[in-house]
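# Survey of secondary and tertiary structure
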Amino acid sequence: MDSLQVDTVELLNVTIPDLDSSPTQQFPERFAKNAIRTSLRASTIDAIFASVFSLSTGGILLSNFLVELNATPVIFGMLSSIPMLVNFIQPVGAYISEQTTSRFKFSLLTFGTSRLLWLILVIGIFANNSSLINSQQLVVLTLSIVLFSHLLGGLGSASWLSWLALIVPRRLRGRYFGIRNSASNLTNLICVPLTGLVISHWYGGAIQGYGLVLFLGIICGLIGLGCQYFKVDINPQLQNQNRLTFCESRTNVSDKIIDAMCTNEDSLTASIWQNSNFLIFLVYFSIWMLAVHLSAPFFNLYLLDTLDLDVTLVTIYGSLQTGANLSMLIMWGKLADKIGNRPILICIGVLVAITPLLWLGIGTDHLDLWLWLPLLHIFIGVTWAGIDLCTTNMYLGIAPVKNQSIYFAIAAAVAGVSGALGTTIGGFIAQTPGFGGLLGLFAISSICRLVGLIPLIFVKEPGK
C-alpha cells in the first residue's frame, strides 16, 4: 500500500471529472488527489475481501462441496458454463445503470443482493445436516443460487467497471491494476489452502465445514461492498451529458481514435457501428476467447485422468502458477504504462498461443513431474498475468466515455458467448477419436490462438 500511495501522489496530475448526484452541477476540472487516493485504497481493500467471497462461492471449494453431494458430471458442466452464459445479461444491466444517478447505489443493489443470496445455501446446508432436505435437493439449490447470483452480478459488472475506469487515471492504470490484482491473488494463495484445511478437518464433516467457510465468505463480500462507500461516486447521467469534458486533455485533436472516444454521436447503435477500432477489438476478443476455451477446461482433466496424477500434486502445480502470476502482475503493469498494452498482448500472446503445444509429449516420469510440469505452470502464470492485465486495460482505453458501461457489457457478452462456445466445441473435439483426443485438441487450440492474434494487429490503442 505504501508504494501505491507514493505513485498516486506523484502521478495523479490528470484531468478526471468529479460527479455528484446533482443534475445541474458542472464537472470540476479534476478529482481531488486525496479523493482519488482514498478511492484507490478502498478499491484495493474491496478486491481483497471480494476474493475471499469469490473463492468460497466458486472454484475448488464449491466443486469439492458438490463432489461430497455426489453430483453428476452434468452438474459440473452446468457449473462451469453458467458464469460465461450469464454474460448475456450484461448489456441489459449496462443500459439500466446508465439511467441511474449513482454507480455506488447500483453496485450495492446488484452485488449486495447477489451476495446475500448465498445465505440461502448456508441455511440449506444446515437443513441438509438436519435431514430436512436431501443431497439432490441441495445440489439443485446450489445450481439455482449460482445462476441467480451470477445473473445479478452480470447486471452490475459493466457499471462497476465503468466506475473504476473513471476513477483510475490512464497513466496509473497499469500499475494500479497490477497492485490490485496482486493483492487479490495473494489473498487467494493464502486463503485457499487454509479454507481447504478447515473444510477437511471440520468436526461436523466437509459439507458442514463448507457451510461455515461460505458464511464467512459472505461476510467478507459484504465488507468489500462497504469499502465501495469510500470511493468517489459517479453519476452516469452527468458522465454522458458532459462527455466532452473528458476530452479536453487530448494531445492530438486529429487523432481519429481519440475522436471516436469523444464522439458527440447521440445514437448509441450508430456510435458503436461507427467505432471501427472497438469492432476490430471485439473480433479479436471473440476469436481469442473461443480459442483459449477450446482447451482451457481440459488441462486439469489431462493431468488427473490421462496422466492419473494425485490431486495434491495438481494443487501444487496450481499454487506455483498462482505464485508466478502474483509475482509478475506489478511488473507487467509498469511495463504497460511505459510501452502500451497492445505490444505486450501481441508478443506475450504468441507465447500463450504456443503453450498448448508444450503439453504434447508430457508423461509421468520423474523429470516431467518434478521439472517440466512445474516450469510449465510457472510459465503459464507469468504469461497470463500480462494477458489478463493488458486485455482489461485495452478495452478500458478503447471504450468511449459516453455510455461506457454498455461498451464494457458488449465486450463481456461477446467473451461469454465465445468462451461457452469454445468449451462446447472443445468437449466434442476431445471425445472424437479422429482428432487425436486431448492432445489433438491442444494442437487445434494453439493454431486458433495464433489466428486470433491477427485482428489485434489492426487495433489502435488511444494515447500510444
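Residues numbered from 1 in each chain as written. Predicted model: local features only at pLDDT ≥ 70, side-chain atom pairs only at ≥ 80, totals over all residues. Heavy atoms only, no water.

The next thing to look at is the overall build of the protein. Along the protein, the regular secondary structure elements total 20 helices and zero strands. Looking at the protein residue by residue over its 464 residues, the buried ones come to 52%. Sequence separation of at least 24 residues holds for 83% of the intrachain contacts in the protein that already meet a minimum separation of 6. Accessible surface for the protein amounts to roughly 20400 Å². Of this, 67% is attributable to carbon and sulfur atoms. (Helix = DSSP H or I, 4+ residues; strand = E, 2+ residues; numbered from the N terminus. Buried < 20%, exposed > 50% of the residue type's maximum accessible area, 1.4 Å probe, protein only. Contact = heavy atoms within 4.5 Å. Areas by Shrake-Rupley, 256 points an atom, 1.4 Å probe, with all protein chains shown as cover.)

Next up on the list: a nonpolar patch on the surface. Together, V283, I287, I447, V451, I454, I457 and F458 give the surface a local cluster of nonpolar side chains, amounting to about 630 Å² of exposed area. Among the elements of the structure, α14 (276-295) and α20 (437-452) are those that each provide at least two residues to the nonpolar patch. Checked against the element boundaries, F458 lands in the segment after α20. (Patch = residues over 30% accessible without salt bridge, like charges linked within 9 Å, V, L, I, M, F, W, Y side chains within 5 Å. Salt bridge = Lys/Arg side-chain N within 4 Å of Asp/Glu carboxyl O.)

Right, let's get into the packing of helix α3 (residues 59-68) against helix α8 (residues 135-167). Across the interface, α3 lies against α8 with an axial gap of 10 Å and an inter-helix angle of 155°. When the axes of α3 and α8 are compared, the pair comes out roughly antiparallel. In the crossing of α3 with α8, the sense of the turn from one axis to the other is left-handed. The residues of α8 that touch α3, namely those facing L62, F65 and L66, are L138, V139, T142 and V146. Taken together, the residues of the contact of α3 with α8 break down into six nonpolar, one polar and no charged. (Axes fitted to C-alpha atoms, helices over the stretch in contact; angles between N-to-C directions. Parallel < 35°, antiparallel > 145°, perpendicular 65-115°, else oblique. Left-handed = near helix turned anticlockwise from the far one by under 90°. Nonpolar A, V, L, I, M, F, W, Y, C, P; charged D, E, K, R; others polar.)

Function cannot be inferred from these measures alone, as they are strictly geometric.
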